[in-house]
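Secondary and tertiary structure notes
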Amino acid sequence: MLDKIQSTPAKICLGLTALVMFVYSLNFMFLADCYSIGGDGCFTLLNNNSTPDSDFFGNGAPETAFNGILMFGIFLSSMIILIEGPKGKWTTMIPVMIGLFAMTVTMWMDDTGVLDENTTPKYVVPVILILYAASYFLMKDEGVNEGLSEYKPGINVQDKFAMVALIILVLTGLFYSLRMIFTPDTVISEGFPSDEAWVVALGSDASRALGQGVPSEVTISVSGSLILVYTLWSALVLTNGASGKWSVLHPSLFAFISVTIGTYMGMLAGTARTISDGNQMDVITGPVVMLLVAISYFRLRPEGMEDEMTFQGEEIEPAEFTNGLLTFAFIMGALFAIFSIFWENVG
């Protein structure tokens with residue numbers, strides 16, 4: 001299945017990054033609350049090593065879950081390259097490298113102390129970046145940069161609805177991601193005003209035990225770095241044209257369908273943040289982004305969005321992908337229901 005990449009070192013490097021991203025994404029998507037409390041009395045694949053006496057104990061589980069879903073989309077993008085081959089996949093890989101670089105810098109520049117207790121991410125992220133970049137350069141002779149030399153930025157989609165949707169995605173994505181990367185403290189202070197009673201309540205032992213404490217600056221910076229990847233993917237579709245960009249937008253579709261499902265399952269479970277106007281806007285943003293990505297994807301089918309679309313090297317029909325997308329949504333809905341509602345009740 002993974003024979004589309006000829007370079008064995010490239011397969012190993014990309015496979016390792018995909019594996020690590022998969023483990024982190026599963027842990028964050030479904031077990032973020034337990035992760036945030038250091039695995040205290042609950043099951044988690046990874047934990048942040050915090051204790052009840054720590055300032056960072058039980059903080060930012062909803063935001064961590066969001067990060068996990070975005071990581072899952074990047075994992076899927078790596079699997080597409082592994083399974084379908086590297087030809088022309090610079091459109092996928094360059095944005096991911098930029099996002100991982102931004103994440104590395106923000107982690108190493110953080111001075112809040114949150115990573116003093118859990119130093120692993122400070123080393124895991126740059127290692128992933130190095131492995132991912134190595135796989136990119138090792139695949140140069142296999143056509144990963146095909147089309148890069150001809151890339152001339154401009155508005156290169158014809159459908160007006162898709163064009164507007166992509167422009168909105170790019171502009172809002174840049175607004176959110178850059179603020180989160182460069183001024184995470186401002187994002188937190190605006191989203192969680194310290195003088196509000198509901199914010200004070202989040203600092204209680206009961207709220208922190210559920211992972212509902214105010215997120216750390218690192219968590220917000222990671223969100224910004226991940227959002228930047230998806231923003232750059234949308235920008236490349238807008239500026240480079242739709243032809244063959246299914247491999248760029250598929251991960252975005254899967255990720256933001258998962259964001260939408262996860263958000264509303266969180267609302268049912270009572271773990272989603274819906275108290276303030278800002279919280280409610282965040283709840284709305286996920287489904288809106290999903291809608292804009294879907295509009296862009298399906299409206300651009302006539303412009304070649306699904307040219308050379310394959311699964312395990314075999315061409316697939318658009319209807320097959322649509323059915324697969326619906327099946328994926330059903331499976332993710334079931335998984336989020338199990339972990340957000342039933343798992344918690346059993347625990």
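Summary of the structure given here. (Residues numbered from 1 in each chain as written. Predicted model: local features only at pLDDT ≥ 70, side-chain atom pairs only at ≥ 80, totals over all residues. Heavy atoms only, no water.)

**Focus: a nonpolar patch on the surface**
Where nonpolar side chains cluster on the molecular surface, the patch consists of Ile12, Leu16, Leu19, Val23, Phe43 and Leu45 and spans about 540 Å² of accessible area. Along the polypeptide, Ile12 turns up in helix α1 (residues 8-36). The class of Ile12 is partly exposed, set by a relative accessible area of 48%. (Patch = residues over 30% accessible without salt bridge, like charges linked within 9 Å, V, L, I, M, F, W, Y side chains within 5 Å. Areas by Shrake-Rupley, 256 points an atom, 1.4 Å probe, with all protein chains shown as cover. Salt bridge = Lys/Arg side-chain N within 4 Å of Asp/Glu carboxyl O. Helix = DSSP H or I, 4+ residues; strand = E, 2+ residues; numbered from the N terminus. Buried < 20%, exposed > 50% of the residue type's maximum accessible area, 1.4 Å probe, protein only.)

**Observations regarding the pattern of salt bridges**
Overall, the coordinates contain five salt bridges when judged by the stated rule. Glu63 serves as the salt-bridge partner of Arg273, at 2.6 Å between the closest nitrogen and oxygen. You can see Arg273 sitting in the loop between α11 (246-269) and α12 (277-299) and its partner Glu63 sitting in helix α2 (residues 61-84), a full 210 residues away along the chain. The same class applies to Arg273 as to Glu63, namely buried.

**Focus: the packing of aromatic side chains**
Scanning the model with the defined rule gives 18 aromatic pairs in all. Taken together, a centroid distance of 5.4 Å and an interplanar angle of 85° make the contact between Trp108 and Tyr123 edge-to-face. Here Trp108 is found in helix α3 (residues 90-109), whereas its partner Tyr123 is found in helix α5 (residues 120-138), with 15 residues between them in sequence. Here Tyr123 falls in the partly exposed class, since its relative accessible area comes to 49%. Measuring from centroid to centroid gives 6.1 Å for Phe254 and Phe321, while their planes differ by 80°, and the two rings are edge-to-face. You can see Phe254 sitting in helix α11 and its partner Phe321 sitting in helix α13 (residues 318-346), a full 67 residues away along the chain. For the pair Phe254 and Phe321, a shared accessibility class is recorded, and that class is buried. The structure contains a cluster of three or more aromatic residues connected by ring pairs, namely Phe22, Phe72, Phe75, Phe254, Tyr297, Phe298, Phe321 and Phe328. (Phe/Tyr/Trp six-rings, centres within 6.5 Å; stacked < 30°, edge-to-face > 60°.)

**Remarks on a negative patch on the surface**
Taken together, Asp307, Glu308, Glu314, Glu315, Glu317 and Glu320 make up a surface patch of like negative charges. Positionally, Glu320 belongs in helix α13. (Lys, Arg positive; Asp, Glu negative; His and termini not counted. Charge placed at Lys NZ, Arg CZ, Asp CG, Glu CD.)

**Structural notes on the side chain of Ser225**
Summarising the element assignment, Ser225 is placed in helix α10 (residues 217-240). Other than its neighbours up to four places away in sequence, Ser225 contacts Gly99, Ala102, Met103, Thr106 and Ile181. (Contact = heavy atoms within 4.5 Å.)

**A look at α3**
The first and last C-alpha atoms of α3 sit 28 Å apart over 20 residues, in line with the 28 Å expected at 1.5 Å per residue. α3 sits mainly inside the fold: 14 of its 20 residues count as buried. (Expected span 1.5 Å × (residues − 1).)

**Details of empty space enclosed by the protein**
Enumeration over the complete set of coordinates arrives at two cavities of 30 Å³ or more. What lines the largest cavity is a set of 28 residues, and nearest its centre among them are Phe28, Tyr35, Met107, Pro121 and Val218. Sorting the residues of the lining of the largest cavity by element identifies α1, α2, α3, α4 (114-117), α5 and α10 as the ones contributing at least two each. In terms of residues, the lining of the largest cavity owes the most to one element, α1, which gives six residues. Here the lining of the largest cavity is composed, by residue class, of 18 nonpolar, nine polar and one charged. The space that makes up the second largest cavity amounts to roughly 30 Å³. (1 Å grid on protein atoms, 1.4 Å probe; cavity = no way out; pocket = protein on both sides within 12 Å on 5 of 7 lines; lining within 4 Å. Points joined across faces, edges and corners; volume = space filled by probe spheres on them. Nonpolar A, V, L, I, M, F, W, Y, C, P; charged D, E, K, R; others polar.)

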